[in-house]
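# Overview (structure and organization)
Below, each chain spelled out in residue letters.
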Amino acid sequence: MIKFDAVNKRFPGGTTAVHDLTLDMPDGEVTVLVGSSGCGKTTTLRMINRMVDPTSGTITLGGKDVLRQDAAELRRGIGYVIQQSGLFPHRTVLDNIATVPLLLGWGRKKSRARAAELLERVGLTADSGKRYPHQLSGGQQQRVGVARALAADPPVLLMDEPFGAVDPVVRTQLQDELLRLQKDLHKTIVFVTHDIDEAVRLGDRIAVFRTGGHMVQCAEPAELLASPADEFVAGFLGAERELKLLSLVTLDGVPQQRATTVRADEPAPLPGTGPHLVISAAGEP
């Protein structure tokens, strides 16, 4: 469990990036931080691995205060994926993935064996391990970035807009890959994005931020879409939030209502809150 308790971050000059944040990020789940640029979501993520330290408040990881831990040691136990993959251009793909295991003293043979295993897990061929980052496509580089973050099998994975620099088709493929990996690995993932569709697709919980580092609402996707906390959240979710909500449920979980016939000048009966499946007298949609 990652816990933020009354956390603030103010930068020199008085800019408040995060304001009084209290938030729990449960073990084994994907918590998505979403909001427009400058709302504090990336700063929030970077405080977990101490790339940024909070001005006040407490952040605990597994019950331990992150500020009481050595920063380098803390980071070796946390996977980190960024938008541009951040690969070392002068090292092969296999050696890029083996970086953290080598730092942890695994030895070259064990580290490279782990890297080769992860290449397959993220959907890359064994031959790609011999290549250099510039010889790969953007989507392939992002897969390598994910593999490198997973190399030492960290319990926590931080992902800062990792799919933001690729085209929509590749982005969907990478989202599918992450969902598949998470189904197998059950990592505690903190995922930053400005794309609400991506947040709804990937998140077990979504925390919505607005300018000034204020978290406005944190909820499961279905709850967020059905009951936005205020007009800001509703506006951020967009006019099609009911359609997004429909994408999260199967028809057997949707309340049914029989269709009725009314005259053109009569009001139509409303089905109540949330989506309903309207059926004919014969029970057909």
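In what follows, the structure referred to is the one given above.
### Section: the pairing of strand S7 (residues 156–160)
Within S7, 5 of the 5 residues are buried, leaving the element largely enclosed by the surrounding structure. The two faces of S7 match: Val 156, Leu 158 and Asp 160 on one face and Leu 157 and Met 159 on the other face are all buried. Strand direction decides the pairing type here: strand S6 (residues 78–82) and S7, joined by 5 bridges, are parallel. Looking across to S7, one finds that Ile 82 is bridged to Asp 160. As paired elements, S7 and strand S8 (residues 188–193) share 5 bridges and run parallel to each other.

### Some remarks on the nonpolar core
In this structure, Ile 97, Met 159, Phe 191 and Ile 206 are the most contacted members of the largest nonpolar core, which totals 42 residues. It is helix H6 (residues 138–150) that contributes the most residues to this core, 5 residues altogether. Aside from chain neighbours lying at most four places away, what touches Ile 206 is Val 32, Val 34, Ala 199, Val 200, Gln 217, Cys 218, Ala 219, Pro 221 and Leu 224. Judged by nonpolar contacts, the second largest core, of 25 residues, contains Cys 39, Val 52, Ile 59 and Val 156.

Cut-offs applied
Every chain's residues receive numbers from 1 upward, in the order its sequence appears when written. Owing to the predicted nature of the model, reporting of local features is limited to residues with pLDDT of at least 70; listing and counting of side-chain atom pairs is limited to 80 or more, with chain, interface and lining totals taken over all residues. For the side-chain quantities, the full set of heavy atoms in the structure was used; hydrogens and water were omitted. In this scheme, a residue with accessible area under 20% of its type's maximum is buried, one over 50% is exposed, and one in between is partly exposed, where area comes from a 1.4 Å probe on protein chains only. Every helix listed is a DSSP run of H or I at least four residues long, and every strand listed is a run of E at least two residues long, numbered separately from the N terminus. A pair of strands counts as paired when DSSP detects no fewer than two bridges linking them. The criterion is simple. A nonpolar core is a set of buried Ala, Val, Leu, Ile, Met, Phe, Trp, Tyr and Cys residues joined through side-chain atoms within 4.5 Å. Here a residue-residue contact requires only that any non-hydrogen atoms of the pair lie within 4.5 Å.

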